[in-house]
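Listed here are the chains, written in short residue letters.
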Amino acid sequence: MDDLYTKMLDSDNFSTRQRLVREHEKNIDLTYQKHPDLKKLDETISQLQKDMASFLAKKFKGLQNIETEIETTKVKLNQLLAKKDTYLQKNNISEDYKEPKWTCEKCQDRGKIYLNNKIDACPCQEDYSTNIRQKMSGLSIKLKDASFKNTDFSKYSPKDRQNAAAVYNMTQKYLTNLITNIKTVGTFSEGLFIHGETGSGKTHLLGCMANHLIESNVETMYIVYADLLDRIRETFGDDRTETESSIIRKINSAKVLLIDDLGMEKNSEFAQKYLGQIIDHRYRNMLPTIITSNFTLSELKDRSKNDMYGERVIWRCVETSHIFHLSGNLRNSI
Ligand SMILES: [Zn+2]
């Protein structure tokens, strides 16, 4: 697990624990207010347990004549514990009222467990960290459940079905390669460009890829280029919550960047400037970018004659990307 995620998990676990402990203390207070007798019992029991511990310590040190005290305390303690049991039952108070209500009993919401002489992530963290990754990736709710496993090719018309299955297959191979490289050397210079008409399912395919990467613990960023430009425009206003450079920095540094629907944005110098910066930065740092578009690369290049993206950016994509075509129109078949 990389640092940022571990930190997020740790701070999240810390605040969850704090919240639960606070809630728990409040609950105990309330219980004691309602049951002062229980409070008194608990206090006496706790005092006797302390006495017992100190008697046992003395005995351990070899002090004589302590046996009687130990015996008497033991009897008193047992009597009080039995009395407390009866009290709890009679008043319908759960036996573990002094235990905080952890979401995960195993790690008591620490997120880590001590097992076989080492500290390890608790199994409860796996789903949780996938969730955080998904949240951080910018993936829309619509794509949260997209997965290679649940993709239904029967939605494609018979003539497009085989091609779609082949594209999905090649995409998975590409991802396997990418993940291995990112995990071993930290970079992977091959990108992917998926061209497909509106309704051909390319956004779903991108969602499958994003989720697969997230589940494989690869830091992933999903953007729709037009939305990114809107976000950048918002930073020019007075009530900005993030800055232009912080947005670009996040996108530049993502291990894998997925750009959905390139070319949907209004053709402008503004649009061209950021794409140029992003693609250039990722190219120089050998970080992969996966792009889907309604346009083919040569159509995007034609548009660049009017200054769109600049030909150089498109050449970068041609030079570094595998190019797949997804055909079909799923909208007609649903
Ligand atoms: Zn746990």
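Residues numbered from 1 in each chain as written. Predicted model: local features only at pLDDT ≥ 70, side-chain atom pairs only at ≥ 80, totals over all residues. Heavy atoms only, no water.

Draft legend 1. The overall build of the protein, seen in detail. Secondary structure summary: the protein contains twelve helices and seven strands in total. Computed over its C-alpha atoms, the radius of gyration of the protein comes to 30 Å, more than 25% above the 20 Å expected for a compact globule of 334 residues. Over its C-alpha atoms, taken along the principal directions, the protein stretches across nearly 100 × 45 × 40 Å. Evaluated residue by residue, the protein yields a buried proportion of 41% over its 334 residues. In the protein, once contacts between residues fewer than 6 apart in sequence are set aside, the share between residues at least 24 apart is 75%. (Helix = DSSP H or I, 4+ residues; strand = E, 2+ residues; numbered from the N terminus. Rg over C-alpha atoms; globule rule 2.2 N^0.38 Å. Buried < 20%, exposed > 50% of the residue type's maximum accessible area, 1.4 Å probe, protein only. Contact = heavy atoms within 4.5 Å.)

Draft legend 2. Quick peek at the domain arrangement of the protein. Looking at the assigned domains, one finds that the protein contains domain 1 (3-115) and domain 2 (138-333). Distance from the C-alpha centre of domain 1 to the C-alpha centre of domain 2: 54 Å. (Domains from an automatic or database assignment.)

Draft legend 3. Representation of the UniProt feature "coiled-coil region" (unreviewed entry) in the protein within the structure. When the UniProt feature table is mapped to this numbering, "coiled-coil region" (unreviewed entry) covers residues 38-83. Taken end to end, residues 38-83 comprises 87% helix and 0% strand; its first and last C-alpha atoms sit 10 Å apart. (UniProt positions renumbered as here; feature names shortened; annotations may be inferred.)

Draft legend 4. Structural context of the side chain of Thr73. With respect to the helices and strands, Thr73 occurs in helix α3 (residues 67-90). Excluding anything up to four places from it in sequence, Thr73 contacts Leu48, Met52 and Phe55.

Draft legend 5. Quick look at the pattern of salt bridges. With the rule as written, the count across this model stands at eight salt bridges. Here Lys74 makes a salt bridge to Glu71, at a shortest N to O gap of 3.8 Å. With Lys74 and Glu71 both in helix α3 and three residues apart, the pair spans about one turn of that helix. In this structure Lys74 comes out as partly exposed when scored by relative accessible area, which is 39%. A relative accessible area of 42% places Glu71 in the partly exposed class. (Salt bridge = Lys/Arg side-chain N within 4 Å of Asp/Glu carboxyl O.)

Draft legend 6. Up close: helix α9 (residues 269-284). End to end, α9 covers 22 Å across 16 residues, agreeing with the expected 22 Å (1.5 Å per residue, within 8%). By the burial criterion, the buried members of α9 are Ala271, Gln272, Tyr274, Leu275, Gly276, Ile278, Ile279, Asp280 and Arg282. Met286 lies just past α9 and shows a positive phi near 50°. (Expected span 1.5 Å × (residues − 1).)

Draft legend 7. Representation of the pairing of strand β1 (residues 112-115). Pairing between β1 and strand β2 (residues 118-121): four bridges, direction antiparallel. For Ile113, the partnering residue across the bridge sits in β2 and is Asp120. Counting the residues that bridge the hairpin from β1 to β2 gives two residues, and of these Asn116 lies at a positive phi of roughly 45°. (Pairing = 2+ DSSP bridges.)

Draft legend 8. Representation of the environment of Ile259. Locating Ile259 in the fold gives a position in strand β5 (residues 256-262). Take Ile259: its relative accessible area is 0%, and that puts it in the buried class. Residues Ile259 and Ile223, spaced 36 residues apart in sequence, show a C-alpha to C-alpha distance of 5.1 Å.

Draft legend 9. Here's a closer look at unusual backbone geometry. At Asp109, a position not held by glycine, the phi torsion is positive, near 60°. Structurally, Asp109 is set in the loop between α3 and β1. Non-glycine residue Met286 carries a positive phi angle of around 50°. Its place among the elements puts Met286 in the loop between α9 and β6 (289-293).

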